[in-house]
Amino acid sequence: MPNDRLQRYRKSIDNIDTALICLLAERFKITSDVSYYKAEKQLPPADLAREAEQAKRLRQLAESTGLNPDFAERFLRMVIEEATQHHRLIKDEMEKSWSN
Ligand SMILES: C=C(O[C@@H]1C=C(C(=O)O)C=C[C@H]1O)C(=O)O
């Protein structure tokens, strides 16, 4: 069948997409734990110094693996935004429960 090769490529792409989603789910379980930790300790949801270190490290990693560093940083920023939004949500919820 002429599409055999394309089908194989697509199978590999689907496997990689599955791994990416599973890894992201694992990452968000950890950042969710961080949300509760930060809320309990009254720490700010975002840590810009830490984010700058992560961006630097991932840009270098992207360069060394042939990935566009700008794309790697955009992706990281999107993931961090989702995590910090959850931190803010949990902080607000916890502060409301303390004031009751
Ligand atoms: C998870 C943390 O909270 C925020 C989310 C981060 C992330 O998703 O990697 C990084 C820094 C913080 O802005 C943290 O401080 O480590």
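Look up a bit, the structure's there.
Residues numbered from 1 in each chain as written. Predicted model: local features only at pLDDT ≥ 70, side-chain atom pairs only at ≥ 80, totals over all residues. Heavy atoms only, no water.

Student: An account of the layout of surface pockets is needed here, citing residue identities and associated values.
Tutor: When its volume is computed, the largest pocket comes out at roughly 860 Å³. In terms of lining, the largest pocket is formed by 29 residues, of which the most central are Arg27, Gln54, Leu58, Leu76 and Val79. Going through the elements one at a time, helix H1 (4-41), helix H2 (48-65) and helix H3 (69-99) are the ones with two or more residues in the lining of the largest pocket. The residue makeup of the lining of the largest pocket, split by class, is 17 nonpolar, five polar and seven charged. (1 Å grid on protein atoms, 1.4 Å probe; cavity = no way out; pocket = protein on both sides within 12 Å on 5 of 7 lines; lining within 4 Å. Points joined across faces, edges and corners; volume = space filled by probe spheres on them. Helix = DSSP H or I, 4+ residues; strand = E, 2+ residues; numbered from the N terminus. Nonpolar A, V, L, I, M, F, W, Y, C, P; charged D, E, K, R; others polar.)

Student: Which residues make up the packing of aromatic side chains, and what values go with them?
Tutor: Applying the stated rule across the entire model yields one aromatic pair. Look at Phe71 and Phe75: their rings are 6.3 Å apart centre to centre, the planes differ by 25°, and that puts the pair in the stacked class. Here Phe71 pairs with Phe75, and both are found in helix H3, just four residues apart, close to one helical turn. The exposure class of Phe75 is partly exposed, given its relative accessible area of 37%. (Phe/Tyr/Trp six-rings, centres within 6.5 Å; stacked < 30°, edge-to-face > 60°. Buried < 20%, exposed > 50% of the residue type's maximum accessible area, 1.4 Å probe, protein only.)

Student: Could you give an account of the environment of Arg5, naming the residues involved and the relevant values?
Tutor: Position of Arg5 among the secondary structure elements: in helix H1. Classification of Arg5 by relative accessible area gives exposed; the value is 54%.

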